[in-house]
Amino acid sequence: MRPWEDLRRSGKIGKTPELPETLGFYDLSAVRREQRDLPADPSLTRFICAELTRGYFLEHNEAKYTERRERVYTCMRIPKELEKLMIFGFFLCADAFLYIFTLLPLRVLLALLRLFTLPCCGFRSDGSRLLQPAQVCDMLKGLILVLCFSMMHYVDYSMMYHLIRGQSVIKLYIIYNMLEVADRLISSFGQDILDALYWTATEPKERKRDSIGVIPHFVMAVSYVFIHSILIMVQASTLNVAFNSHNKSLLTIMMSNNFVEIKGSVFKKFEKNNLFQMSNSDIKERFTSYVLLLIVCLRNMEQFSWNPDHLWALLPDVFMVVASEVVVDVIKHAFITKFNDIPADVYSEYRASLAFDLVSSRQTNAYTDYSDSVARRMGFIPLPLAVLLIRVVMSSVKVQGALSYTCVFLFYLGLVTLKVLNSIVLLGKSCVYVKRANMEDKLFENLPPTCFSCWIPSATCNLPSPSPSRSVTTQPAPRTDFSLTVGPQPETELPEPSLSNEGEPIEASELKHKPPKNDLLEIDRFTICGNRID
């Protein structure tokens, strides 16, 4: 049966169909053919004309194209927002690192002065403690630093350098990758060892012989810091070999390893908490890389008798390493935020969370030192790096004569000045970030009205002072995991872990599947956020 007979039976003959529109023109030939009961012309000419004249309207899918335009704007904002976070985090790590060289020796001297003078006077200030918990932790840090530095004298840096230099390029590449993995693993366990030592040394004890338990924790802490220092020394030696290789092939391979990190990160599922952990890790890695580059430059300048011309020869390679770190971080974070629909404003929240750590550490009843808070949040432990830097500086710089000691003393005063100025600027910026993020109320929710001491000038700090009208409660003894827990807390007693907020028992299945931590203030570098990475 012919097609036009079906058209005649359907009753559509004689009716004017809807005119097909193509770029504003109507195909009149198609209408005439349909009115004459003729089939459409399947010629090649008509197909080409249709391809050349057909159109489409983007406004019909306005939401999709608007979303894609916002993704482009987000990717363009990522470098600026990321570098703001990286710069702020870098100075936080620098502040914790300078603390080891500047204020920690002074605090240890004050603790020793208190230890020797109070028993001679025949009284104690609080009636129960000879040293305050913070002073005990300071003395333990100082003792660990001195013991590990003494042990590092038995490690020959030059022999290690030549031993590494004799290996093939592929072996050195594998060794460097293994050292990076080992550094992350040992850092996660090392901070727990130090926290366990501090708590064991300062927790209230019913019997004097309970203090014996500090000895095994102290031995573990010294062993950890020494092993971690050796690990970082091997990393610095490998990087030094890469700088001194003739064809720079090893340095190129090590830099290309950073770009391999992009492949392992951007195609995985990330949430806001996971990205916060990655950002903290990138801050720590960048700061550690800068310190390693400083150690490499010191060792090379010593070998060339501190010739300034050799320093200018090293600067291009140093710039290449630094630039590769920055480029890799920008590309990685740009694509992670794009694939996971994370806005660029999230980096402001990360910066406010880090600023909250700094501001809260200035409270008179703070339960952790700021350097420990940075270590737990970013995975940056300054003690092993400080031991290695002291070892390299002492072996590279020879101090002889009164003039040399005078220069060392002036250099120390300069470091103290730099540390104080850095702390003041950081605290002022942190107050601004906390206030901008509307987090200032969390500082006073569970604290007495008189326990926040902000010594920064009022012109710089914009945080409100706690008023007596605030509803405050006193919390029990601080937890031992040194993790921040902020947010609105009820004034009544906290429920037991086995009970829900309504007081009903929690089923076994609910205990197995705990909700992930959503508050950034509860996330540190080694917290499992509950998100399964695909």
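Residues numbered from 1 in each chain as written. Predicted model: local features only at pLDDT ≥ 70, side-chain atom pairs only at ≥ 80, totals over all residues. Heavy atoms only, no water.

Per an unreviewed UniProt entry, the protein carries the name Transmembrane anterior posterior transformation 1 and comes from Nothobranchius furzeri. Recorded under Sequence similarities (unreviewed entry), the UniProt text for the protein is reproduced unchanged: "Belongs to the TAPT1 family." Under Subcellular location (unreviewed entry), UniProt gives the following word-for-word description of the protein: "Membrane". (UniProt positions renumbered as here; feature names shortened; annotations may be inferred.)

Digging into the pattern of salt bridges
Tallied over the full model, the rule gives 16 salt bridges. The salt bridge involving R54 is made with E51; its shortest N-O contact spans 3.3 Å. On the basis of relative accessibility, which here comes to 51%, the residue R54 falls in the exposed class. A salt bridge links K419 to D95; the nearest nitrogen and oxygen atoms lie 3.3 Å apart. (Salt bridge = Lys/Arg side-chain N within 4 Å of Asp/Glu carboxyl O. Buried < 20%, exposed > 50% of the residue type's maximum accessible area, 1.4 Å probe, protein only.)

What to know about the confidence of the model for the protein
When pLDDT is averaged along the protein, the result is 77; 72% of the residues meet or exceed 70. Taken together, the stretch residues 12-17 has pLDDT below 50 and engages in seven contacts with residues farther than four places along the chain or on a different chain. (pLDDT = per-residue confidence, 0-100. Contact = heavy atoms within 4.5 Å.)

So, the side chain of S360
With respect to the element layout, S360 can be found in helix 13 (residues 346-360). Polar side-chain contacts of S360 include one of 2.8 Å to the backbone oxygen of F356. (Helix = DSSP H or I, 4+ residues; strand = E, 2+ residues; numbered from the N terminus. Polar contact = N/O pair within 3.5 Å; in protein donor to acceptor, adjacent residues only side chain to side chain.)

As for helix 11 (residues 272-303)
Side chains that are three or four residues apart share a direction in an α-helix, a result of its 3.6 residues per turn. Taking 1.5 Å as the rise per residue, helix 11 with 32 residues should run 46 Å; its terminal C-alpha atoms sit 47 Å apart, in good agreement. Where burial is concerned, most of helix 11 is hidden: 27 out of the 32 residues are buried. Positioned one or two residues after helix 11, S305 has a phi angle of 55°, which is positive. (Expected span 1.5 Å × (residues − 1).)

Here's the deal with the packing of aromatic side chains
Tallied over the entire structure, the rule returns twelve aromatic pairs. Ring geometry for F90 against F91: centres 5.6 Å apart, planes inclined by 80°, an arrangement best described as edge-to-face. One aromatic cluster in this structure is built from F90, F91, F97, F101, F287, Y290 and F380. Positioned above the aromatic ring of Y65, the side-chain terminus of K64 is 5.0 Å from the ring centre. (Phe/Tyr/Trp six-rings, centres within 6.5 Å; stacked < 30°, edge-to-face > 60°. Lys NZ or Arg CZ within 6 Å of the ring centre and 35° of its normal.)

Focus on unusual backbone geometry
Within the chain, D341 stands out as a residue other than glycine whose phi angle is a positive 55°. Mapped onto the elements, D341 comes out in the loop between helix 12 (308-339) and helix 13. In this structure, N438 is a non-glycine residue whose phi angle is positive, near 60°. Residue N438 is classed as exposed on the basis of its relative accessible area, which comes to 61%.

Details of the packing of helix 4 (residues 62-101) against helix 14 (residues 370-378)
Where helix 4 contacts helix 14, the two axes come as close as 9 Å, and the packing angle between them is 135°. The angle between helix 4 and helix 14 falls in the class oblique. Remark: the crossing between helix 4 and helix 14 carries left-handed chirality. Between helix 4, through G89, L92, C93, D95, A96 and Y99, and helix 14, the contact on the second element is made entirely by Y370, S371, V374 and M378. For the contact of helix 4 with helix 14, a count of residues per class yields seven nonpolar, two polar and one charged. (Axes fitted to C-alpha atoms, helices over the stretch in contact; angles between N-to-C directions. Parallel < 35°, antiparallel > 145°, perpendicular 65-115°, else oblique. Left-handed = near helix turned anticlockwise from the far one by under 90°. Nonpolar A, V, L, I, M, F, W, Y, C, P; charged D, E, K, R; others polar.)

Here we look at helix 7 (residues 157-165)
When helix 7 is considered as a whole, its buried residues turn out to be Y157, M160, Y161 and I164. For helix 7, the arc enclosing every buried residue in end-on projection is 100°, short of the 170-degree limit, so these residues lie on one face. The exposed set on the far side of helix 7, more than 90 degrees from its buried face, consists of M159, H162 and L163. On its buried face, helix 7 is in contact with helix 8 (169-202), helix 9 (214-244), helix 11 and helix 15 (382-396). At the N-terminal end of helix 7, a side-chain oxygen is found 3.1 Å from the backbone nitrogen of S158, two or three residues along, and the residue is D156. (Arc of directions from axis to C-beta.)

Here's the deal with the environment of V214
Structurally, the position occupied by V214 is in helix 9. Linking V214 and A196, residues 18 residues apart in sequence, is a C-alpha distance of 9.3 Å.

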